[in-house]
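Summary of the model geometry
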Amino acid sequence: MYKCARCGKEFEELPKGQIRCPFCAYRIVLKARPPVTKKIKAR
Ligand SMILES: [Zn+2]
């Protein structure tokens, strides 16, 4: 997950070969980790 530092929108992938927001084309994109995933124990 990535998050734009300008418009704050989150997106899963960046455009190929480009590090910029697909919404506003801002160059600074922050890495945002997905929500905490709970591991399910197998019984
Ligand atoms: Zn943006």
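All of these numbers come straight from a predicted model, not from anything done at the bench. (Residues numbered from 1 in each chain as written. Predicted model: local features only at pLDDT ≥ 70, side-chain atom pairs only at ≥ 80, totals over all residues. Heavy atoms only, no water.)

1. A few points about the coordination of the zinc ion
For a metal with four tetrahedral donors the ideal donor-metal-donor angle is 109.5 degrees, whereas six octahedral donors ideally subtend 90 or 180 degrees. Coordination of the zinc ion by the protein is provided by C4 (SG), C7 (SG), C21 (SG) and C24 (SG), with metal-donor distances spanning 2.2 to 2.3 Å. Each of the four donor atoms bound to the zinc ion contributes to angles spanning 104 to 120°, and the resulting shape is tetrahedral. Counting the intervening residues between successive donors of the zinc ion yields the motif C-x2-C-x13-C-x2-C. Placement of C7 in the loop between β1 (2–4) and β2 (10–11) and of C24 in the loop between β2 and β3 (29–31) is noted, with a sequence separation of 17 residues between them. (Donors = N, O, S within 2.8 Å, 3.2 Å for Na, K, Ca; no water. Tetrahedral: all angles 85-135°; square planar, octahedral: opposite > 155°, others 65-115°. Helix = DSSP H or I, 4+ residues; strand = E, 2+ residues; numbered from the N terminus.)

2. Some thoughts on the environment of A32
Along the chain, A32 falls in the segment after β3. For the pair A32 and Y2, spaced 30 residues apart in sequence, the C-alpha to C-alpha distance is 4.9 Å. The contact partners of A32, leaving out residues within four places of it in the chain, are M1, Y2 and K3. (Contact = heavy atoms within 4.5 Å.)

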